[in-house]
Amino acid sequence: MASRVLLVVYDNGSHIHSFPMGAAYIAAALRQKGHEVVVWNQDSTHSPDESLTGYLDENPFDVVGIGVIGGYYQYRKLLSLAGAVNRSRRRPFFLLGGHGPTADVRYFLRKTQADAVVMGEGEETVVELVAALENRTPLTDVRGLALRDGPEVTVTPGRPLIADLDAIPWPARDLFPVEYYRLLRMPHATSADFCLPVLSGRGCTFRCTFCYRMDTGHRARASEPILDEIEYLQKTWNITYIDFMDELLMISRQRTMEFCESILRRGLKFKWYCNGRLNYAAPEVLDLMKRAGCVFINYGIESVDNTVLKNMQKALRYEQIVPGIENTLAAGISPGLNMIFGNIGDNRDTLRRAVDFLIRYDDQAELRTIRPVTPYPGSPLYDEAVRRGLLRDCEDFYEHKHLNSDLMAVNFTELTEDEFYEALAEANSRLAENYYAKSRERMLRQIDRLYRQRDATFRGFRPV
Ligand code: SF4
């Protein structure tokens, strides 16, 4: 027997249309078991939240699922869409998933009135859950679930992580408007590039205190299946640029080099972006990455102050950051220089040095800004905020403190709130002035080349 499952992809309200990999993986796992999966893709249709009620009234489904991470925007979208599901006359079994609900299942089940949360990695749990619903066997036998029955919540035993990531089916991209998502603009993408994400693995071996990733350890996919998937994307959708969106492709020097050698051996040509660690940014690794097509490595630097780095358990020192960035630039790859402010030990001086660093190593690949650190539920920093009495609980976080990702949720510094925001205003003003001064120079150079040198290759004024 097959079930009909509706996966809801919320409108992310952004000009960045990041392909919803989580939903596509879940869809593929369900479809492999013969279920019919339909996607209600508000991200591309921008239909109002309320229209989900009418859609469910007119189209019968056995299960409806919504997955969210833990941002303030996603939280509010989830509450609104949950209301739309609950108002349907044909409300199906209502399921939540993702990092956000997993961090505090009782809170999310109460707020949304959903029936269950798939906790953590979802492919196996959701398949067993749908089978249990079909066969009317106890849902409490399914591992990795939180189940609501009125005000009561039952949490079933945890499920081990999927050991072999190549054993699960590739994301069901065909259920989504790929023509829409492949227009995602990544650093160094030209107007002719088509971009889509691929996972090279899942997880990370580090334990930064602000990170809400709850699974431990890293699981790499084998190189050949990753390249099979990329070849399929090239042939099917003309994809020329791969966004390796998993937490960390550069999990070690050995793994990074082995993957690059596989790309070169196979002769596949594509640009790519990945998340990296400066611990492994050695010249021989970076040169190989460049030859294999890498154009951008996103580094989570977070701070250039060793005390702050130690406080956040970043397992990284300033003495590693500088050579790593210089090696990356020397290899001809743009480094993503991510900084956050407001960690334990931060002050005006640490922020000023972070801005100096961003300007010194700015290669204009992207506009850099600095945001406050956010102690998301599920992270060690959240526990610290609760321990210090700065946060009460999940409800306090979502309803009163985390109102915008660019505003401070909790003050871990010695600065007053006004001083904190004035420091951030100054820092981001300096970054914006640097970026737009360089953009202006670039524009003037284009004008010069076009009119004074009569450059016949000119293809219009472009930001990159
Ligand atoms: S922030 Fe990045 S490096 Fe740190 S634990 Fe999370 S995924 Fe790993």
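Provided above is the structure to which this section pertains.
Residues numbered from 1 in each chain as written. Predicted model: local features only at pLDDT ≥ 70, side-chain atom pairs only at ≥ 80, totals over all residues. Heavy atoms only, no water.

### Here we look at the overall build of the chain
The cut-off we apply is this: Segments assigned H or I by DSSP are reported as helices when at least four residues long, segments assigned E as strands when at least two residues long, and all are numbered from the N terminus. The globule rule used here is 2.2 Å times the number of residues to the 0.38 power, and the radius of gyration it is set against is calculated over C-alpha atoms. Contact definition: two residues touch when any of their heavy atoms are within 4.5 Å. Note on areas: these come from Shrake-Rupley sampling with a 1.4 Å probe, and a residue is covered only by the protein chains present in the view. Charged residues are defined here as Lys and Arg on the positive side and Asp and Glu on the negative side; His and the ends of the chain fall outside this count. Charge coordinates come from a single atom per side chain, which is NZ of Lys, CZ of Arg, CG of Asp or CD of Glu.
When helices and strands are tallied, the chain shows 17 helices and 15 strands. In summary, the chain has a C-alpha radius of gyration of 23 Å against a globular reference of 23 Å for 464 residues, a match within 12%. Each principal axis of the C-alpha distribution contributes one length, and for the chain these read about 70 × 55 × 45 Å. Summarising the internal contacts of the chain: among those between residues at least 6 apart in sequence, 71% fall at separations of at least 24. In the structure as shown, the chain presents an accessible area of about 20,800 Å², 52% of it carried by carbon and sulfur atoms. Taking the average place of the 57 positive charges on the side chains of the chain and the average place of its 62 negative ones, the gap between the two points comes to 4 Å.

### So, a negative patch on the surface
Here is the rule we go by: Two joining distances apply to patches: 9 Å for like charges and 5 Å for nonpolar side chains (Val, Leu, Ile, Met, Phe, Trp, Tyr), and every residue must have over 30% relative accessible area and no salt bridge. We define a salt bridge as a contact between a side-chain nitrogen of Lys or Arg and a carboxyl oxygen of Asp or Glu at a distance within 4 Å. Type-normalised accessible area, obtained with a 1.4 Å probe on protein chains alone, sets the label of each residue: buried when under 20%, exposed when over 50%, and partly exposed for intermediate values.
Residues Glu417, Asp418, Glu419 and Glu422 make up a contiguous surface patch of negative charge. Residue position: Asp418 is located in helix 17 (residues 417-452). Under the relative-accessibility criterion, Asp418 is labelled exposed at 65%.

### Topic: the sheet that holds strand 4 (residues 93-97)
Within a sheet, adjacent strands bond to each other through the backbone by hydrogen bonds, running parallel or antiparallel. Heads up, the condition is: Here a strand pair is declared whenever DSSP counts at least two bridges between the two strands. Note on method: axes are straight lines fitted to C-alpha atoms, helices fitted across the in-contact stretch only, with angles between N-to-C directions ranging 0 to 180 degrees.
On the basis of which strands lie adjacent, the open sheet formed by seven strands has the order 2-1-3-4-5-6-7 and mixed pairing. The two strands at the open ends of the sheet, each matched to only one other strand, are strand 2 (36-41) and strand 7 (152-155). For this sheet, the mean angle separating the axes of adjacent strands, direction not counted, is 20°. Two strands pair when backbone bridges link them, and strand 1 (residues 4-9) and strand 2 are joined in this way by six bridges, in the parallel orientation. Each residue of the ladder has a partner; that of Val9, found in strand 2, is Asn41.

### A short note on the site of the ligand
What counts, and what does not: One heavy atom within 4 Å of a molecule or strand is enough for the residue carrying it to be called near that molecule or strand. The nonpolar class holds Ala, Val, Leu, Ile, Met, Phe, Trp, Tyr, Cys and Pro. Asp, Glu, Lys and Arg form the charged class, and all remaining residues, Gly among them, are polar.
Every residue close to the ligand is listed here: Cys204, Phe206, Arg207, Cys208, Phe210, Cys211, Arg213, Glu247, Arg277 and Lys314. Split into classes, the residues belonging to the shell around the ligand amount to five nonpolar, no polar and five charged.

### Let's talk about the side chain of His402
Let me state the cut-off plainly: Polar contact is the term for a pair of N or O atoms within 3.5 Å; when the atoms are in protein, one must be able to donate a hydrogen and the other to accept it, and sequence-neighboring residues count only if both atoms are side-chain atoms.
In this structure, His402 sits in the loop between helix 16 (394-401) and helix 17. Only 3.0 Å separates the side chain of His402 from the backbone nitrogen of Tyr72, close enough to count as a polar contact. Residues within four places of His402 in sequence aside, it is in contact with Gly70, Gly71, Tyr72, Arg76, Thr374, Tyr376, Phe397 and Ala409.

### Some details on the sheet that holds strand 12 (residues 271-276)
Pairing within the open sheet is parallel, and its six strands lie in the order 8-11-12-13-14-15. Each edge of the open sheet is held by one strand with a lone partner, namely strand 8 (195-198) and strand 15 (371-372). Bridge count for strand 11 (residues 241-244) against strand 12 is three bridges, and the pairing is parallel. By the bridge assignment for strand 12, Asp243 is matched with Tyr273. Along the sheet, helix 14 (residues 348-360) makes contact with strand 13 (294-302) and strand 14 (334-341), crossing strand 14 at roughly 165°.

### Side note on the nonpolar core
For clarity, the cut-off: Throughout this description, the term nonpolar core refers to a set of buried Ala, Val, Leu, Ile, Met, Phe, Trp, Tyr and Cys residues connected via side-chain atoms within 4.5 Å.
The biggest cluster of nonpolar side chains holds 75 residues, and the ones touching the most others in it are Phe244, Trp272, Met289, Phe357 and Ile370. Grouped together as the second largest cluster of nonpolar side chains are 44 residues, Phe108, Tyr382, Cys394 and Ala409 included.

### What to know about the pairing of strand 11
Taking every second residue as pointing to the same face, both faces of strand 11 are buried, with Tyr241 and Asp243 on one and Ile242 and Phe244 on the other. Pairing analysis gives four bridges linking strand 8 to strand 11, with the strands arranged parallel. Bridging from a neighbouring strand, Cys195 pairs with Tyr241 of strand 11.

### Considering the packing of helix 6 (residues 105-112) against helix 16
Between two packed helices, both the angle of their axes relative to each other and the distance between the axes serve to describe the pair. Put simply, the rule is: Should an angle lie under 35 degrees it is considered roughly parallel, over 145 roughly antiparallel, and from 65 to 115 roughly perpendicular; all remaining angles are considered oblique.
Two numbers describe how helix 6 lies on helix 16: the axes approach to 9 Å, and their chain directions differ by 55°. Put simply, helix 6 runs oblique to helix 16. Residues Tyr107, Phe108, Arg110 and Lys111 of helix 6 lie in contact with helix 16, whose contacting residues are Cys394, Glu395, Tyr398 and Glu399. Here the residues of the contact of helix 6 with helix 16 sort into four nonpolar, no polar and four charged.

### A closer look at the packing of aromatic side chains
Definition in use: Two rings from Phe, Tyr or Trp (for Trp, the six-membered ring) form a pair when their centres sit within 6.5 Å of each other. Planes less than 30 degrees apart are called stacked, planes more than 60 degrees apart edge-to-face, and all others tilted.
By the definition in use, this model includes 24 aromatic pairs. Here Trp170 and Tyr232 contribute two aromatic rings whose centre-to-centre distance is 5.5 Å and whose plane-to-plane angle is 40°, an arrangement assigned as tilted. With Trp170 in the loop between strand 7 and helix 8 (178-181) and Tyr232 in helix 9 (residues 223-237), this residue pair connects regions lying 62 residues apart in the sequence. Under the relative-accessibility criterion, Trp170 is labelled partly exposed at 33%. Judged by centre distance (5.1 Å) and plane angle (80°), the rings of Tyr180 and Tyr181 are edge-to-face.

### Focus: the pattern of salt bridges
Summed over all chains, the structure comprises 40 salt bridges. For Arg253, the salt bridge is made with Glu284, and the minimal N-O distance between the two is 3.6 Å. Taken together, the residues Arg253 in helix 10 (residues 253-266) and Glu284 in helix 11 (residues 283-291) connect sequence positions 31 residues apart.

It is worth stressing that arrangement in space is one thing and function is another; only the former is reported here.
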